[in-house]
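Okay, here's what each chain looks like letter by letter:
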Amino acid sequence: MGVVPLIDEHEVAQIVVHSLAGASVVRIVGDVDLAAAGSLRTALGQALVEHPWIIVDLRRVAAVDSIGLGVLVAAREAARRQSGDLVLAAAPPFVLSVLHAARLGTVFSTFDTVPQAITFALAV
């Protein structure tokens, strides 16, 4: 399992990519917003090079904005073009409410825990 930290001291979010057999887990600590968009885009692109299945661990995300959502949507579309998908795991209630308000609640598959998302991704 490879672990590559993608942390920029000037950005709020900390993003780490874990490469598993068959999927990548992208862990985010902080906000998914304009300040984190560049690092998040890079991390998701790296994860997609490793595997077409990406699990985004949101358990330590405090806020999300439209720019952050746009990065997630674009990465999901890229994953689907490679016969994979991007799924969300452990999203806090606030993040889920933002997804629903942006009418993205049915676009992403969401899971209560990272292990549930990994099980789903590896079973497909």
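Bear in mind that the values here come from a model prediction, so they are computed numbers and not experimental data.

What counts and what doesn't
Residues numbered from 1 in each chain as written. Predicted model: local features only at pLDDT ≥ 70, side-chain atom pairs only at ≥ 80, totals over all residues. Heavy atoms only, no water. Helix = DSSP H or I, 4+ residues; strand = E, 2+ residues; numbered from the N terminus. Buried < 20%, exposed > 50% of the residue type's maximum accessible area, 1.4 Å probe, protein only. Core = buried A, V, L, I, M, F, W, Y, C linked by side-chain atoms within 4.5 Å. Phe/Tyr/Trp six-rings, centres within 6.5 Å; stacked < 30°, edge-to-face > 60°. Contact = heavy atoms within 4.5 Å. Arc of directions from axis to C-beta.

## Points about the environment of valine 107
- Relative to the elements of secondary structure, valine 107 occurs in the loop between α3 (93–101) and β6 (110–111).
- With a relative accessible area of 29%, valine 107 lands in the partly exposed category.
- Distance from valine 107 to arginine 76, taken between C-alpha atoms, is 9.3 Å for residues 31 residues apart in sequence.

## Here's the deal with the nonpolar core
- Core analysis: the biggest nonpolar cluster contains 32 residues, and Val26, Ile28, Leu44 and Val56 have the highest contact counts within it.
- Among the secondary structure elements, those contributing two or more residues to this core are β2 (14–19), β3 (24–32), α1 (34–50), β4 (53–64), α2 (66–81), β5 (85–89) and α3.
- With 7 residues, the single largest contributor to this core is α1.

## As for the packing of aromatic side chains
- Evaluation of the coordinates by the stated rule reveals 2 aromatic pairs.
- Between tryptophan 53 and phenylalanine 120, the aromatic rings sit 5.9 Å apart at their centres with planes inclined by 80°, giving edge-to-face as the arrangement. Placement of tryptophan 53 in strand β4 and of phenylalanine 120 in helix α4 (residues 114–123) is noted, with a sequence separation of 67 residues between them.
- Taking relative accessible area as the criterion, tryptophan 53 reaches 10% and is therefore assigned buried.
- The exposure class assigned to phenylalanine 120 is partly exposed, which follows from its relative accessible area of 33%.
- Look at phenylalanine 111 and phenylalanine 120: their rings are 5.1 Å apart centre to centre, the planes differ by 40°, and that puts the pair in the tilted class.
- Three or more aromatic residues joined by ring pairs make a cluster, and in this case those are Trp53, Phe111 and Phe120.

## Here's the deal with the environment of leucine 104
- Relative to the helices and strands, leucine 104 resides in the loop between α3 and β6.
- Its relative accessible area of 14% is what places leucine 104 among the buried residues.
- Those residues within four positions of leucine 104 in sequence are excluded, and the remaining contacts are Leu69, Val73 and Leu99.

## Re α4
- Along α4, the residues classified as buried are Val114, Ala117 and Ala121. One face of α4 carries all of its buried residues, which in axial projection span an arc of 60°. Opposite its buried face, α4 presents the exposed residues Pro115, Thr119 and Ala123, each directed more than 90 degrees away.
- Next to the buried residues of α4 lie β3, β4, β5 and β6.

All quantities given are derived from atomic positions and should not be read as evidence of function.
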